[in-house]
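Residues per chain, in single letters:
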Amino acid sequence: MKRRDFLMGSAVAGVASVCGSRHVVAADKCCCDGMPKLAPPEKPAELNLCLQWGAIPGTEIKQKLDFLEANGFAAVEIPSGKWLSDNVEPMKKAMEGRKLFIATACGPSDFSYVEAEKRDAEVAKFLPQLEILGTLKSVGLIICPARSKPGLGFPELREDFVTNTGKKLAEHAAKHGTSIVLEPLQRKETMFLRQVADGAAISRDIGPGCTVMGDFWHMSKEETSFMGAFISAGKLLSHVHIASLKDRKVPGVDGDADNYVDGFKGLKLIGYRGAVSLEGGFPKNADKTQLILNMVKLLREQWAMA
Ligand code: MG
């Protein structure tokens, strides 16, 4: 084989390997400028802005949902636990005829107890909550499998979560048309789950009913790339939290630090259509409503730039 032929063959082999992913178009349509190209998602991504319950101005359910609809939000994040159990029917009624969807419910959980009966009790506590979320057509229940110093060691905890506690919750969630949503935190909160890719791998190992989310605030401390992290989650990504990136307040209050364009590029590449939900505080004595409206404008501008 002549040297030129060999080099030509290598180049083609290189193209084939770069284009080997199922997400990538055929070789003859790929790499014409020397770079791999991702196939567009089946449906284009959407920016569905969302607020957590406590951040929504107003006191009554209807008042809060009216505010969301009037100000360009597409989704709402609600509390879990007693609030959820107490407000099933009022929420169902208040959601009738609205374009909003119920993204997630969020509440504390711990599946790392050494004692199996305590882990079973934690699972049992959430089963009825998943049933309620199913009836509300919610995306799912946010779960942090362990915080601080887990009782179980990491290998045991992962195995137990994937095959027992998390698996039972996910199966129950899938049966009721919803999911559990794993939330990676920061190493200072939990070493167990701190990166989106790891949450996605746990989610894949558990199977139907288990998804993962990304929280820009935690990701800014733990990930090397917002975009890379979101791409690694792909279709398993079901929820996103967002906050200002210096002080974890409403996006926009931290000036130039509040740049989400790279992350939004990742969300666009995977065709993300879930909620992007504010999880952050407000500066003291601030005009909360105005800051929320500023955030909506900022995030829409950055989404357009991505
Ligand atoms: Mg969060």
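Residues numbered from 1 in each chain as written. Predicted model: local features only at pLDDT ≥ 70, side-chain atom pairs only at ≥ 80, totals over all residues. Heavy atoms only, no water.

*Asks:* Before we go on, may I ask you to explain the overall build of the protein chain in this structure?
*Replies:* Of regular secondary structure, the protein chain possesses 11 helices and eight strands. Looking at the protein chain as a whole, 48% of its 306 residues qualify as buried. Accessible surface, the protein chain: about 15000 Å² in total, of which carbon and sulfur atoms supply 55%. (Helix = DSSP H or I, 4+ residues; strand = E, 2+ residues; numbered from the N terminus. Buried < 20%, exposed > 50% of the residue type's maximum accessible area, 1.4 Å probe, protein only. Areas by Shrake-Rupley, 256 points an atom, 1.4 Å probe, with all protein chains shown as cover.)

*Asks:* Help me understand the nonpolar core in this model?
*Replies:* Judged by nonpolar contacts, the single largest core of 73 residues is most densely connected at I78 and L237. Apart from the residues lying within four places of it in its own chain, the contact partners of I78 are W53, W83, L84, M91, I102, T104, A105, C106, L133 and L136. (Core = buried A, V, L, I, M, F, W, Y, C linked by side-chain atoms within 4.5 Å. Contact = heavy atoms within 4.5 Å.)

*Asks:* Hey, could you run me through the state of the cysteines in this one?
*Replies:* Formally, a disulfide is one covalent bond, and it connects the sulfur atom of one cysteine to the sulfur atom of another. With the rule as written, the count across this model stands at zero disulfides. With no disulfide of its own, C106 lies 6.7 Å from the sulfur of C144, the closest cysteine sulfur. (Disulfide = S-S within 2.5 Å.)

*Asks:* Even after reading the chapter, I still don't get the coordination of the magnesium ion, so can you show me in this structure?
*Replies:* Six octahedral donors around a metal ideally make angles of 90 or 180 degrees; four tetrahedral donors ideally make 109.5 degrees. For the magnesium ion, the full set of protein donor atoms is E183 (OE), D215 (OD), H241 (ND1) and E279 (OE), at a range of 2.0 to 2.3 Å. If you list the donors of the magnesium ion from N- to C-terminus, the spacing comes out as E-x31-D-x25-H-x37-E. Of this pair, E183 sits in the loop between β5 (180–182) and α7 (196–206) while D215 sits in strand β6 (residues 210–215), placing them 32 residues apart in sequence. (Donors = N, O, S within 2.8 Å, 3.2 Å for Na, K, Ca; no water.)

*Asks:* Would you take a moment to explain the packing of aromatic side chains for this structure?
*Replies:* Two descriptors summarise a pair of aromatic rings, namely the distance from one centre to the other and the angle between the planes of the rings. Here the structure, examined in full by the defined rule, presents 10 aromatic pairs. Arranged with centres 5.8 Å apart and planes meeting at 85°, the rings of F154 and F192 form a pair that is edge-to-face. Of this pair, F154 sits in helix α6 (residues 154–175) while F192 sits in the loop between β5 and α7; the two residues are 38 residues apart in sequence, bridging distant segments of the chain. A relative accessible area of 7% places F192 in the buried class. Considering the side-chain rings of F264 and W303, the 5.2 Å spacing of their centres and the 65° angle between planes classify their relative orientation as edge-to-face. (Phe/Tyr/Trp six-rings, centres within 6.5 Å; stacked < 30°, edge-to-face > 60°.)

*Asks:* Help me understand the sheet that holds strand β3 (residues 101–106), please; the structure alone is not making it clear to me.
*Replies:* What holds strands together in a sheet is hydrogen bonding between their backbones, with the strands either parallel or antiparallel. The parallel closed barrel is built from eight strands, whose spatial order is β1-β2-β3-β4-β5-β6-β7-β8. Neighbour to neighbour, the strand axes of the sheet diverge by 30° on average, direction disregarded. Across the face of the sheet, α6 comes into contact with β4 (140–143), β5 and β6 while running at roughly 135° to β5. (Pairing = 2+ DSSP bridges. Axes fitted to C-alpha atoms, helices over the stretch in contact; angles between N-to-C directions.)

*Asks:* Before we go on, may I ask you to explain a nonpolar patch on the surface in this structure?
*Replies:* Together, L38, I231 and L269 line one region of the surface with nonpolar side chains, adding up to about 240 Å² of accessible area. With respect to the element layout, I231 can be found in helix α9 (residues 226–233). (Patch = residues over 30% accessible without salt bridge, like charges linked within 9 Å, V, L, I, M, F, W, Y side chains within 5 Å. Salt bridge = Lys/Arg side-chain N within 4 Å of Asp/Glu carboxyl O.)

*Asks:* How should I be thinking about the pairing of strand β8 (residues 275–278) in this particular structure?
*Replies:* Walk down a regular strand and you will see the side chains alternate between the two sheet faces. Side chains of β8 alternate between two faces, with A275 and S277 and V276 and L278 buried alike. Both strand β7 (residues 237–242) and β8 contribute to a ladder of four bridges, which runs parallel. Paired with H241 across the strands is S277, a residue of β8. Regarding the hand of the β-α-β motif, the stretch spanning β7, helix α10 (residues 261–269) and β8 is right-handed. (Right-handed = clockwise from strand over helix to strand, strands pointing away.)

*Asks:* How do you make sense of the confidence of the model for the protein chain when you look at a structure like this?
*Replies:* Predicted coordinates in areas of low pLDDT are best not read in detail. Of the residues in the protein chain, 90% have a pLDDT of 70 or more, and the chain-wide mean is 91. Every residue in residues 1–28 scores below 50 in pLDDT, and together they form 20 contacts with partners more than four places removed in sequence or on other chains. (pLDDT = per-residue confidence, 0-100.)

*Asks:* Teacher, can you tell me more about the pattern of salt bridges here?
*Replies:* Working definition: two side chains of opposite charge can pair if their charged atoms are close together. In this structure the tally under the stated criterion is 17 salt bridges. Where D205 meets R158, a salt bridge forms, and the shortest distance between an N and an O atom there is 2.9 Å. Note that D205 is positioned in helix α7 and R158 in helix α6, a separation of 47 residues in sequence. Given the relative accessible area of 26%, R158 is considered partly exposed. Note that R194 and E222 form a salt bridge whose closest N and O atoms lie 2.5 Å from each other. On the criterion of sequence distance, the pair formed by R194 in the loop between β5 and α7 and E222 in helix α8 (residues 216–222) is long-range, its members being 28 residues apart. With relative accessibility at 22%, the residue R194 sits in the partly exposed group. Assessed through its relative accessible area of 7%, E222 is described here as buried. Ionic contacts of the salt-bridge type, sharing partners, join the residues K62, D66, E69 and R98 into one network.

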